[in-house]
Amino acid sequence: MAENIVEIEYDGAVAVVTLNRPHAMNALSVALRASLYHAIKALDADEAVRVVILTGSGDRAFTAGLDLKELGSTEGALGAANAQGADENPVKAIELCRKPLIGAINGVAITGGFELALACDILIASTHARFADTHARVGIMPGWGLSQKLSRIVGMSRAKELSFTGNFLDASTAERWGLVNHVVAPEELMPLARKMATDIASIDPVFLIDYKALINDGYASNLREGLQTEHEISSARNAAVRPDQVEARRAEVQARGRSQ
């Protein structure tokens, strides 16, 4: 294939992954989904990479979701909506990444694209960003997690409003609802994402991987189970920390706090 449909750029300990089908609003074709899987798998195994940023090419779309032209012209293509393999399901591919992953939402994130955004650990949005769940209007039930994740993030009634109407949610409202962390002008999106990624990358990489897993595992369980998981993991890990290590890091934290 002539086009490089998933681009990877390295910036120190940060890797930027760009969905690169701007002519098709970065729609998640079979080829793009497979390329994304291989890219994330490679970055997860790369010890030099500590944080990943995921974004889309151009300023129109993060991704418009599954390629509807492909779905409408290829027998059996609709099975992608319920695919469990990470090479076909981009949400599963993102979940392979044990490292922190920032979603830099540069444009629309529609249906499957919305689901892909929800798979990221942190979301930063351009003012051009908009989110929409059009599953009901297309007549396809979500199969990549949106029906369960969205209500847990923005609340049940807001999630139902978005899913039952299929209407767009603008970036400022998404920030107000707690869906995205920050909204900035388009030209500020990647600088902010890179700055945050570099900040996160200054933490011990093994600790980051373990902390992300602790948060994700607890989020997937009820509060009682999550607290028990935290107690077990925290007790084992903290017992290995020496007082001199805490003292050295305390000084670093204080100095960092003064600089902020």
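Each value, and the rule that gives it
- Residues numbered from 1 in each chain as written.
- Predicted model: local features only at pLDDT ≥ 70, side-chain atom pairs only at ≥ 80, totals over all residues.
- Heavy atoms only, no water.
- Buried < 20%, exposed > 50% of the residue type's maximum accessible area, 1.4 Å probe, protein only.
- Helix = DSSP H or I, 4+ residues; strand = E, 2+ residues; numbered from the N terminus.
- Pairing = 2+ DSSP bridges.
- Axes fitted to C-alpha atoms, helices over the stretch in contact; angles between N-to-C directions.
- Contact = heavy atoms within 4.5 Å.

Caption draft 1: Looking closely at unusual backbone geometry. Located in the positive-phi region is asparagine 26, a residue other than glycine, with phi close to 55°. For asparagine 26, a relative accessible area of 0% corresponds to the buried category. The backbone of threonine 111 sits at a positive phi, close to 50°, despite the residue not being glycine. Mapping threonine 111 onto the fold places it in the loop between strand E6 (108-110) and helix H4 (112-118). Judged by relative accessible area, threonine 111 falls into the buried class, the value being 13%.

Caption draft 2: Focus on the sheet that holds strand E7 (residues 122-126). Overall, mixed pairing links the 6 strands, which are arranged E1-E2-E3-E5-E7-E10 in an open sheet. Two strands close off the open sheet at either side, each with one partner strand: strand E1 (6-11) and strand E10 (182-184). For this sheet the average axis-to-axis angle between neighbouring strands, irrespective of direction, equals 20°. Examined bridge by bridge, E1 and strand E2 (residues 14-19) share 6 bridges and lie antiparallel to one another. Note on E2: the bridge partner recorded for valine 6 is leucine 19. Where helix H9 (residues 186-201) meets the sheet, its contacts fall on E1, E2, strand E3 (51-56), strand E5 (101-105), E7 and E10, and the angle it forms with E7 comes to roughly 160°.

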